Amino acid sequence: MNDSPQRYDPATVEAAWQKRWEADRVFEVTEDPARQKYYLLEMFPYPSGRIHMGHVRNYSIGDVVARIKRMQGLNVLHPMGWDAFGMPAENAAIANKTHPAQWTYDNIDYMRTQLKRLGFSYDWTRELATCHPSYYRWEQLIFLKMWEQGLVYRKRSLVNWCESCQTVLANEQVVAGLCWRCNNEPVQKRLFGYFFKITDYAEELLEWIDKLPGWPERVLTMQRNWIGKSYGALIRFPLLEREGAIEVFTTRADTLFGATFMSLAPEHPLALELSAGTPQERAVQDFIDRVRRQSLADRADEKLKEGVFTGAYCSNPMTGSQMPVYVANFVLMDYGTGAVMAVPTHDQRDFEFAREYNLPLIEVIAGPQGAQGAQSMNAAFTDYGTLINSGPFDGLGSKEAMRAIAEELGKRGLGQETVNYRLRDWGISRQRYWGAPIPMVHCEKCGLVPVKEEDLPVELPLDAQISPTGGSPLPGLDSWRNTACPACGGPAQRETDTMDTFVESSWYYDRYACPDYDQGPLDPKRTLYWAPVDQYIGGIEHAVLHLLYSRFYTKVLRDLGFLKVDEPFVNLLTQGMVIKDGAKMSKSKGNVVDPNDMVQRYGADTVRLFVLFASPPEKDLEWSDQGVEGANRFLQRLWRLGLAVAEEAGGVAPYAGGGSLGGPLAELRVKTHDTIKRVTQDAVQAMQYNTAIARVMELVNAISLVQQDEALKGQPQREAVLREAIEAAVILISPMAPHIADELWRRLGHEGYLINQPWPAFDQAVLVQEEKLVVVQVSGKVRAKLTLPADADDAALQAAALAEEKVQKFIAGQAVKKVIVVQGKLVNIVV
C-alpha cells in the first residue's frame, strides 16, 4: 500500500483494501446457532446497465447498518443479487439488437464491478439472478404447489392492457391511472390469464399491519387503504320481466329507500345482456366500446359522468319501486360487485347523474337541521342522520338503521350484512418473452394440465428471435411450445404467458439464505436461522407492489410448509430520492450524476460519505457538488491528522484513565466519549447518519486543535489522549468510509479489519455532568422526553428534539412551521 504521509490517494488505498477483503473472505457468513443473527437487506437492483445515485444511497445506508451490527457482535447476513427478468431488458435488447439474456448478464457483470468498487460488505457467495433456471425452477414448483391448493386459477377477465409494453398490468401496477413502467395510459382488454388468490389472505394481511411496528406508518396506511376493508350489506335487486337479480355491495344500507336507479360498470356481465334484443342494444354497445377506450383516470374524472339506459329495470327490494338500470362510466368493476344502487339525494355522483338524466330524487336521511326537500337540494347530503321516508325505519339513526335494514333483507332472502375488500386477486400473466415460463400445458383432451415436478424447470428458450415490435415470440416457437400432455401423453402446447416479475421478487430474500440448495425452493434449517429479514431498505414506490406481494407470498410459503415465519421484514426503511436542481435525477432532465465519475474523481469513501451526510435517510437528498468537495476535504483532513497522531504517539497506548487530566486534554477526552455516546445514539439506534457524521467531524476538529497546540506538547498523557481520540474517530467513521478507516487503523499500528472490532463503548464516568429533562411536544402534544446537558442552549435543544426518533415518526411527511423553546425545558414543534 502507498505509505505517503501527505495526501490520501483513494484509488490506491481503496483497491488494495477491496482486494484484501475479498482474499480474506471478510464478508462471507454462515449459520452459527451460538450467535444472534441479523439479516440486513436492500431491495435488489434491476440490471439496467449502470448503477445510479439512488442505488449508491440505498446501498450505502444498508452497508452502514451491516457494518455496525457486525461490530456489535451479531452474525450479519448482507447479500446481493439481481431482479433480472422484465420488460426493460427485453425493450433494451430490441433497441440494441441483441438478446435479453446477453444484455442482462453483461449488465450484471458490469454492475457487480461497480458495487465492489464502492466497497459494500456483500457476501457475494450468495449472489443470485432471478432469470437463471436454477432460481425460477423453484418458483415454478411453488406455482404448482399453489395450483394444488387452489391458490392459482385461470380465467378470462377484463384486464389492464398497456399497448406500449404489450402486456397486462396488475391493478397495483396502474399508478395514478398510468402504467408503472412507461407512464402511458392502459386500456381495458378481455384476456385469459392466471391469478394468485391474494384475496384469500386479505384479512390476515390487514390484521398483521398492526403487528409491524418497525414499518413506516405511511406504508402501512397505503397497504391498509389498498386492502380496503369495509363493512356493509350485500343487497339483491330482482330484475323485472326476467330471471335473476343485480347484487350490490353498499356501506350505506340506511339509504336504500332512496335508491331510484341502478348503475352498472361497463365491464359488468349484465351490461350487454340486459340490452340484448332491445332497441337500446346498439346504444349500450357503442357506449361500452367508447368507455373501454378511456383511461381509468378519465373515468375517475369527477366532471365526466356519462351513462346509457339498458332498457331494463330492477326492483327496489324494500319499496318494490321500479328502478331503471343504466351503464355508467364512473362505476368500476374492481370494487364491490361492479353495480351501484344509486341514491341521488345522498351521493354526489348519483346526484349529478340524476340531474343530467332527469331521474327521480327521494330524500331519506335528514340532517341536524331537518329535511331539505329533494327538489330544493343543490347537492347531495352525504352525512349520517335520521331516516325519513323509509317506512318502518323512520326515526332511526343511520347506524342503527343499517343493521335493522340488513336484518329485514335477510328475512326476505334479499340481502345480508357482509364485509368487502378493495383488494383483487393478483393477475400474474404477462404476454412478454423475458420472464419465467408458467408451468402449465393445454391439452385438447385433458384441458389445462400442470407440468410434472420432475420435468421442472420449464426453461425459457434462449434461441427465440425477439420481435422488433415487442410481442412475445413464444406463441410462434413451435419447437418449444409443442409438447406432450403430462396426463395422457398426447399432443399438447405449453402456456406461452410468462410470470409477472414481481413473483420473482416476492421470495428472493428467502433464497439468499440457501442459494445453493437443490432439494427444493428453501432449505428448512438455513431459512429457520435467517428468516425473517431484520432490516429491509428500499423505496416507498413499492408500498403496494413488491412489499404487499412479499407479505402475501411469505404467508403462502408458510402455509405450504416452506417457511416458519408470518412476515418477511421486521423493520422497513424507505429512503428518500436523490434529486438535483429540484428534480429527481433522470436522463430526460439532463441532471444525472454518474457514480463512476464521482468514484474515479474522489474515491468511493467520499461518495458514500456525502450521500450519508447530506440528508437523513428517509428524506430526499439534494445533490451538491460543493457537498462532495466538502466530504473529500474532511477525509483528507482525517488522513493527515491520523498519520500525524500515529507518528507522534508511536507505541503509546490509548488513554485508559489514571493520572490527572486538565484543560484541553480533559476536554478532548470528554469530547471523545461524548462523541461515542452520541454517534451510538444517532447511527446505531436512530439510523441518523447525517448527524452521526457531523459529530465525528466535530471530534476531528477538537483533535486537530489539541494536536496543533504547541503549548500542550510535552505534557504527560497528551499522546495517549490523542491516540484514544483519533482511534475513536476512525472506528466511528468506518461504517461510512471503510477504506480510509481500515488504512488508518493499520497506520495506527493495528492488525485486522475494523468490521471485526467491537463497537466502542463510552465511559459514563467521563461524561458525568449536570443534566436536565427536556419535554418535546409536537403541535402541543407531548411526544418525547429527553435528558440533555444542563448547559445545552436553545439550538442544541431544537436539534436534539428534531433528531429524536419518536418525534420524527409524528412529523414524517409534514412541514415543520416553527420550533419554540420555552425556558430551556420545553420544545414545541409546530407542524
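Structure: above.
Residues numbered from 1 in each chain as written. Predicted model: local features only at pLDDT ≥ 70, side-chain atom pairs only at ≥ 80, totals over all residues. Heavy atoms only, no water.

### As for the overall build of the protein
Stage number 1. The secondary structure content of the protein amounts to 27 helices and 32 strands.
Stage number 2. Over its C-alpha atoms, taken along the principal directions, the protein stretches across nearly 105 × 75 × 50 Å.
Stage number 3. When contacts within the protein are restricted to residue pairs at least 6 apart in sequence, those whose partners lie at least 24 apart make up 72%.
Stage number 4. Accessible surface for the protein amounts to roughly 35100 Å². Of this, 49% is attributable to carbon and sulfur atoms.
Stage number 5. Charge-centre separation for the protein: the mean point of 89 positive side chains lies 1 Å from the mean point of 104 negative side chains. (Helix = DSSP H or I, 4+ residues; strand = E, 2+ residues; numbered from the N terminus. Contact = heavy atoms within 4.5 Å. Areas by Shrake-Rupley, 256 points an atom, 1.4 Å probe, with all protein chains shown as cover. Lys, Arg positive; Asp, Glu negative; His and termini not counted. Charge placed at Lys NZ, Arg CZ, Asp CG, Glu CD.)

### What about the nonpolar core?
Stage number 1. In this structure, Phe143, Phe196 and Trp426 are the most contacted members of the largest nonpolar core, which totals 191 residues.
Stage number 2. For Trp426, the residues in contact, after removing those within four places along its chain, are Ala170, Tyr194, Phe195, Phe196, Ile198, Asp500, Phe502, Val503, Ser506, Tyr549 and Phe552.
Stage number 3. In this structure, Val248, Leu256, Ala259 and Leu387 belong to the second largest nonpolar core, which totals 48 residues. (Core = buried A, V, L, I, M, F, W, Y, C linked by side-chain atoms within 4.5 Å. Buried < 20%, exposed > 50% of the residue type's maximum accessible area, 1.4 Å probe, protein only.)

### Thoughts on the packing of aromatic side chains
Stage number 1. Under the counting rule described, the total for this entry stands at 38 aromatic pairs.
Stage number 2. The interplanar angle of 25° and the centroid separation of 4.6 Å between the aromatic rings of Tyr135 and Trp507 together place this pair among those described as stacked. With a gap of 372 residues between them, Tyr135 in helix H5 (residues 133-148) and Trp507 in the loop between helix H14 (501-504) and helix H15 (508-511) connect regions that are remote in the sequence. No difference in accessibility class separates Tyr135 from Trp507, as the two residues are buried.
Stage number 3. Seen from their ring centres, Phe196 and Trp426 are 5.4 Å apart, and the 90° between their planes marks the pair as edge-to-face. Taken together, the positions of Phe196 in strand S7 (residues 187-196) and Trp426 in strand S17 (residues 426-427) put the pair 230 residues apart, joining distant regions of the chain. There is no split in this pair, since Phe196 and Trp426 are both buried.
Stage number 4. Of the aromatic side chains, those joined through ring pairs into one cluster are Phe143, Tyr194, Phe196, Tyr201, Trp426, Phe502, Tyr549, Phe552 and Tyr553.
Stage number 5. Over the face of the ring belonging to Trp161 we find Lys189, whose NZ or CZ atom lies 4.1 Å from the ring centre.
Stage number 6. The ring centre of Phe810 lies 3.9 Å from the NZ or CZ of Arg783, which sits over that ring. (Phe/Tyr/Trp six-rings, centres within 6.5 Å; stacked < 30°, edge-to-face > 60°. Lys NZ or Arg CZ within 6 Å of the ring centre and 35° of its normal.)

### Quick look at the packing of helix H23 (residues 718-733) against helix H24 (residues 738-747)
Stage number 1. The N-to-C vectors of H23 and H24 enclose an angle of 150°; their axes lie 8 Å apart at closest approach. The pairing of H23 with H24 is recorded here as roughly antiparallel in orientation. Judged by the sense of rotation from one axis to the other, the crossing of H23 with H24 is left-handed. Contact residues: Glu727, Val730, Ile731 and Ile733 in H23; Ala741, Leu744 and Trp745 in H24. (Axes fitted to C-alpha atoms, helices over the stretch in contact; angles between N-to-C directions. Parallel < 35°, antiparallel > 145°, perpendicular 65-115°, else oblique. Left-handed = near helix turned anticlockwise from the far one by under 90°.)

### A look at the sheet that holds strand S26 (residues 578-580)
Stage number 1. Within the open sheet, the three strands sit side by side as S27-S26-S28. Their pairing is mixed. Sheet topology places strand S27 (583-584) and strand S28 (621-622) at the edges, where each strand pairs with a single neighbour.
Stage number 2. As judged from the two bridges shared by S26 and S27, these two strands associate in the antiparallel manner. Bridging across to S27, Ile579 finds its partner in Lys584. (Pairing = 2+ DSSP bridges.)

### Observations concerning the environment of Ala101
Stage number 1. Tracing the backbone through its elements, the reader meets Ala101 in helix H4 (residues 100-117).
Stage number 2. Residue classification places Ala101 among the buried positions, given a relative accessible area of 9%.
Stage number 3. Note: C-alpha distance between Ala101 and Val419 (318 residues apart in sequence) is 46 Å.
Stage number 4. Look past the residues within four positions of Ala101 in its chain and what remains in contact with it is Trp434 and Leu462.

### Thoughts on the sheet that holds strand S21 (residues 482-484)
Stage number 1. Here four strands make up an open sheet; going across it, the order is S20-S19-S22-S21 and the pairing antiparallel. The sheet is open, and its two edges are formed by strand S20 (447-450) and S21, each paired on a single side. Here the average twist between neighbouring strands, direction ignored, is 40°.
Stage number 2. In this sheet, S20 lies alongside strand S19 (residues 440-443) in antiparallel orientation, the contact comprising four bridges. The residue of S20 that forms the bridge with Cys443 is Gly447.

### Thoughts on the pattern of salt bridges
Stage number 1. Counted according to the given criterion, the structure contains 46 salt bridges.
Stage number 2. When the shortest N-O distance is used, the salt bridge between Asp63 and Arg608 registers 2.7 Å. Remark: Arg608 occurs in helix H19 (residues 604-613) and Asp63 occurs in helix H2 (residues 53-71); sequence separation between them is 545 residues.
Stage number 3. Exposure remark for Asp63: the relative accessible area of 0% places this residue in the buried category. (Salt bridge = Lys/Arg side-chain N within 4 Å of Asp/Glu carboxyl O.)

### Some remarks on the pairing of strand S8 (residues 229-238)
Stage number 1. Here S8 runs beside strand S16 (residues 415-421); their pairing, made up of seven bridges, is antiparallel. Bridged to Ser230 within S16 is Asn420.
Stage number 2. Hairpin connection from S8 to strand S9 (residues 245-250): six residues lie between these consecutive antiparallel strands, with Glu241 at a positive phi of about 65°.

### Focus on the packing of helix H20 (residues 625-649) against H24
Stage number 1. For the pair H20 and H24, interaxial distance at closest approach is 9 Å and the crossing angle is 10°. Judged by the angle between their axes, H20 and H24 are roughly parallel. As H20 runs across H24, the sense of the crossing is right-handed. Judged by residue contacts, Leu635, Leu638, Trp639, Gly642, Leu643 and Ala646 of H20 engage Ile740, Glu743, Leu744 and Arg747 from H24.
Stage number 2. Split into classes, the residues belonging to the contact of H20 with H24 amount to seven nonpolar, one polar and two charged. (Nonpolar A, V, L, I, M, F, W, Y, C, P; charged D, E, K, R; others polar.)

### Here we look at the environment of Val570
Stage number 1. Within the element layout of this structure, Val570 appears in strand S25 (residues 569-574).
Stage number 2. What makes Val570 partly exposed here is its relative accessible area of 36%.
Stage number 3. Each C-alpha atom, one on Val570 and one on Thr382, is 40 Å from the other, the two residues being 188 residues apart in sequence.
Stage number 4. The residues contacting Val570, other than those within four sequence positions of it, are Gly214, Trp215, Pro532, Val533 and Asp534.

### Digging into unusual backbone geometry
The bulk of non-glycine residues show a negative phi, and the bulk of peptide bonds are trans.
Stage number 1. Residue Pro457 is reached from Leu456 by a cis peptide bond, and omega for that bond is 0°.
Stage number 2. Backbone torsion omega between Ala531 and Pro532 reads 0°, so that peptide bond is classified as cis.
Stage number 3. In the Ramachandran plot, Glu241 falls in the positive-phi region, its phi being about 65° despite a non-glycine side chain.
Stage number 4. With respect to the helices and strands, the residue Glu241 is situated in the loop between S8 and S9.
Stage number 5. Backbone geometry places Asn389, a non-glycine residue, at a positive phi of 50°.
Stage number 6. In this fold, Asn389 is placed in the loop between strand S15 (386-387) and helix H12 (398-412).

Everything listed here is a matter of coordinates, which is why it stays silent on function.
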